[in-house]
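# Inside the fold
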4 protein chains.
Amino acid sequence: MDRFAPEMQACIDECLRCYQTCLGMITNHCLRLGGAHAAPEHIQLMLTCAETCRASAQIMIIGSPHHKRLCTDCADICENCAAECKRIGNMDDCVQACRRCAERCRKMAA
Amino acid sequence: MDRFAPEMQACIDECLRCYQTCLGMITNHCLRLGGAHAAPEHIQLMLTCAETCRASAQIMIIGSPHHKRLCTDCADICENCAAECKRIGNMDDCVQACRRCAERCRKMAA
Amino acid sequence: MDRFAPEMQACIDECLRCYQTCLGMITNHCLRLGGAHAAPEHIQLMLTCAETCRASAQIMIIGSPHHKRLCTDCADICENCAAECKRIGNMDDCVQACRRCAERCRKMAA
Amino acid sequence: MDRFAPEMQACIDECLRCYQTCLGMITNHCLRLGGAHAAPEHIQLMLTCAETCRASAQIMIIGSPHHKRLCTDCADICENCAAECKRIGNMDDCVQACRRCAERCRKMAA
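Residues numbered from 1 in each chain as written. Chains lettered and ligands numbered in written order. Predicted model: local features only at pLDDT ≥ 70, side-chain atom pairs only at ≥ 80, totals over all residues. Heavy atoms only, no water.

It is worth spelling out the overall build of chain A at this point. For chain A, the count of helices and strands is 4 helices and 0 strands. Over its C-alpha atoms chain A spans a radius of gyration of 14 Å, differing by no more than 12% from the 13 Å that the globule rule assigns to 110 residues. With respect to the principal axes defined by its C-alpha atoms, chain A has extents near 45 × 25 × 20 Å. Burial statistics for chain A: of 110 residues in total, 64% are counted as buried. (Helix = DSSP H or I, 4+ residues; strand = E, 2+ residues; numbered from the N terminus. Rg over C-alpha atoms; globule rule 2.2 N^0.38 Å. Buried < 20%, exposed > 50% of the residue type's maximum accessible area, 1.4 Å probe, protein only.)

Have a look at this one:
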């Protein structure tokens, strides 16, 4: 198999890690805490971040030159999610995964 | 259930229709025709268009305000796919589905 | 394009409708109601039903003979989701979408 | 965040690895080789295996007890894909990823 370039593989890895963190925390963490963590707007943002990371990874895996578009969106949405998770607190794993993913996506989109 | 606004439901419908057309034609049509229809670049574009439509629909269904970003990407990628399918010919269903989806996504992103 | 058989198209349609209903109701309905509707186990079931419907539709669209396996799972999970939504109440749209999808998937899997 | 059990995380990892291998090889390898590697039935199987792995990972990440159903399907489809890829040859990365994923999914489904 013709492998992915190392920077692209690293970006796919971060996207799939952020996807797992955002989606997994919804039912395993946020809904158990309740309050602001279970607000519709917070869960919408977590689900949106998870899906955008998943789709960005898929476009890179397909090998499409359109990945730059998805990576730009992904970087912006991850930064938004990191900021919101920082604000409500007790979401450190998500803040970290989103920031790492945003950084990698920004480089891929350049 | 609180239903989607009519324009959003129409956009979700077109995204899911275009997703079905692009993904379904890969194995049921393009790979059977062979030649330019089975070129890696053409299949990459069809898979990318299908995934972007699928993800845009998902972000609208989630109810996230970030849908405008995905809809803009989706409109651009659908227009690219329609133009490429028009160019290689014998892809009328895909050209039509992509154009309709692009038009709806453009309105949602406005 | 070689079109899908009518029974398969009908099953794809119900899967995509049930996917939209389950995923859309999470943030637009369940989390707004709170209580049992926002319990982690309920949201896990809604998310699982949405993803299984989405994946079943995709395997049918790809044109794979493996769709019978996914349709069987989808029918079982939809029936489980319909029963649970009936039990907690105020989930009529979801009960109806899940039952219709289960019925169609059961026929496709036969 | 409440982390996944180690065996579940290992299964999610193998599912996402197999998904990447199957999806990535379609346009980066199979369609470039042509012949039996570009046959509609082979690409259908690769796309089906990729989507089933992706969906199985998602159901585990959601934390649903229904993951056993999807993991059973995933194990069967991966074994089918490994056997077919072994038969047509020059698909070693896919054979290996499918076998590892099948083994992990079989354990999770037990």
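Resuming the write-up.
Okay, the relation of the copies chain A and chain D next. Each of the two copies of the chain can be brought onto the other by a rotation about an axis and a shift along it. For the pair chain A and chain D, the superposition axis carries a translation of 0.0 Å, the fit reaches an RMSD of 0.0 Å, and the rotation angle comes to 180 degrees. Here the symmetry operator amounts to a two-fold rotation axis. Identified as the residue of chain A closest to the rotation axis by C-alpha distance is A:L16, at 4.1 Å. A shared binding surface is used by both copies, with 100% of the interface residues of chain A retained as interface residues in chain D. (Least-squares fit on C-alpha atoms with pLDDT ≥ 70 in both. Contact = heavy atoms within 4.5 Å.)

Evaluated as defined, the whole model comprises 0 disulfides over all chains. A:C71 forms no disulfide, and the closest cysteine sulfur to it belongs to A:C11, at a distance of 4.3 Å. By relative accessible area, which is 0% here, A:C71 ends up buried. Sulfur of D:C78: no disulfide; nearest cysteine sulfur belongs to D:C49 and is 3.7 Å away. (Disulfide = S-S within 2.5 Å.)

In this section: the interface of chain D and chain C. At the junction of the two partners, chain D supplies 20 residues and chain C supplies 20 residues. Where chain D abuts chain C, roughly 1800 Å² becomes buried across the two surfaces, and 56% of that area is made up of carbon and sulfur atoms. Sorting the residues of chain D by area buried against chain C places D:E51, D:H66 and D:R69 first, and these three jointly supply 29% of that buried surface. The interface formed by chain D and chain C includes 4 salt bridges. Salt-bridge contacts for C:R69 lead to D:D73; the nearest nitrogen and oxygen are separated by 2.6 Å. At the junction of chain D and chain C, the tally comes to 14 residue pairs in polar contact (both at pLDDT 80 or more). Of all the elements in the fold, those that place two or more residues in the side of chain D that touches chain C are α2 (40–62) and α3 (67–88) of chain D. Counting residues per element, the side of chain D that touches chain C draws most heavily on α2(D), which supplies 10 residues. Residue composition of the side of chain D that touches chain C, by class: 7 nonpolar, 9 polar and 4 charged. (Buried area = accessible area lost by both parts, 1.4 Å probe. Salt bridge = Lys/Arg side-chain N within 4 Å of Asp/Glu carboxyl O. Polar contact = N/O pair within 3.5 Å; in protein donor to acceptor, adjacent residues only side chain to side chain. Nonpolar A, V, L, I, M, F, W, Y, C, P; charged D, E, K, R; others polar.)

Moving on, we come to the relation of the copies chain D and chain C. Screw-axis analysis of chain D against chain C gives a translation of 0.0 Å along the axis, an RMSD of 0.0 Å, and a rotation angle of 180 degrees. A share of 100% of interface residues in chain D that are also interface residues in chain C marks the association as one of identical surfaces.

So, about the interface of chain A and chain D. With 22 residues of chain A at the contact, the number on the chain D side is 22 residues. Buried area between chain A and chain D, summed over both chains or domains, comes out near 2100 Å², and the portion from carbon and sulfur atoms is 51%. In this structure, the connection of chain A to chain D is made through 0 salt bridges. Across the contact surface, chain A and chain D share 9 residue pairs in polar contact (both at pLDDT 80 or more). Counting only elements with at least two residues in the side of chain A that touches chain D, the list comes to α1 (6–33) and α2 (40–62) of chain A. Looking at the side of chain A that touches chain D, the element that brings in the most residues is α1(A), giving 12 residues.

Residues and elements named next belong to chain C. Position of K68 among the secondary structure elements: in helix α3 (residues 67–88). For K68, a relative accessible area of 38% gives the class partly exposed. With 42 residues separating them in the primary sequence, K68 and A110 have C-alpha atoms 7.6 Å apart. Discounting chain neighbours no more than four positions away, the residues touching K68 are M108, A109 and A110.

Secondary-structure assignment places B:T52 in helix α2 (residues 40–62). For B:T52, the side chain forms a polar contact with the main-chain oxygen of B:T48, separated by 2.7 Å.

Our focus in this paragraph is the side chain of B:E51. Among the structural elements, B:E51 can be located in helix α2. Look at B:E51 and you get buried, because its relative accessible area is 4%. If sequence neighbours within four positions are ignored, B:E51 has contacts with A:A55, A:Q58, A:I59 and D:R54.

All names here are of chain D. Its place among the elements puts A97 in helix α4 (residues 92–109). A97 sits in the buried class, given a relative accessible area of 10%. In this structure, the C-alpha to C-alpha distance between A97 and L16, residues 81 residues apart in sequence, is 9.9 Å. Among all residues touching A97, those that are not within four sequence positions of it are C18 and T21.

Turning our eyes to something else, we now look at unusual backbone geometry. Keep in mind that most residues, glycine aside, have a negative phi and that most peptide bonds are trans. Its identity as a non-glycine residue notwithstanding, B:N90 has a phi of 60 degrees, on the positive side. Here B:N90 shows up in the loop between α3 (67–88) and α4 (92–109).

With that settled, consider α1(A). With 28 residues, α1(A) extends 38 Å between its outermost C-alpha atoms, agreeing within 8% with the 40 Å of an ideal straight helix rising 1.5 Å per residue. The element α1(A) is largely enclosed, with a buried count of 21 among its 28 residues. (Expected span 1.5 Å × (residues − 1).)

All names here are of chain C. Put simply, helix α1 (residues 6–33) and helix α4 (residues 92–109) touch, their axes get as near as 9 Å, and they point 150 degrees apart. Here α4 runs roughly antiparallel to α1, going by the angle between their axes. Helix-helix and strand crossings are classified by hand; for α1 and α4 the assignment is left-handed. Here E7, M8, A10, C11, E14, C15, R17, C18, T21, C22 and M25 of α1 lie close against α4, whose contacting residues are D93, C94, A97, C98, R100, C101, R104, C105 and M108. Here the contact of α1 with α4 is composed, by residue class, of 13 nonpolar, 1 polar and 6 charged. (Axes fitted to C-alpha atoms, helices over the stretch in contact; angles between N-to-C directions. Parallel < 35°, antiparallel > 145°, perpendicular 65-115°, else oblique. Left-handed = near helix turned anticlockwise from the far one by under 90°.)

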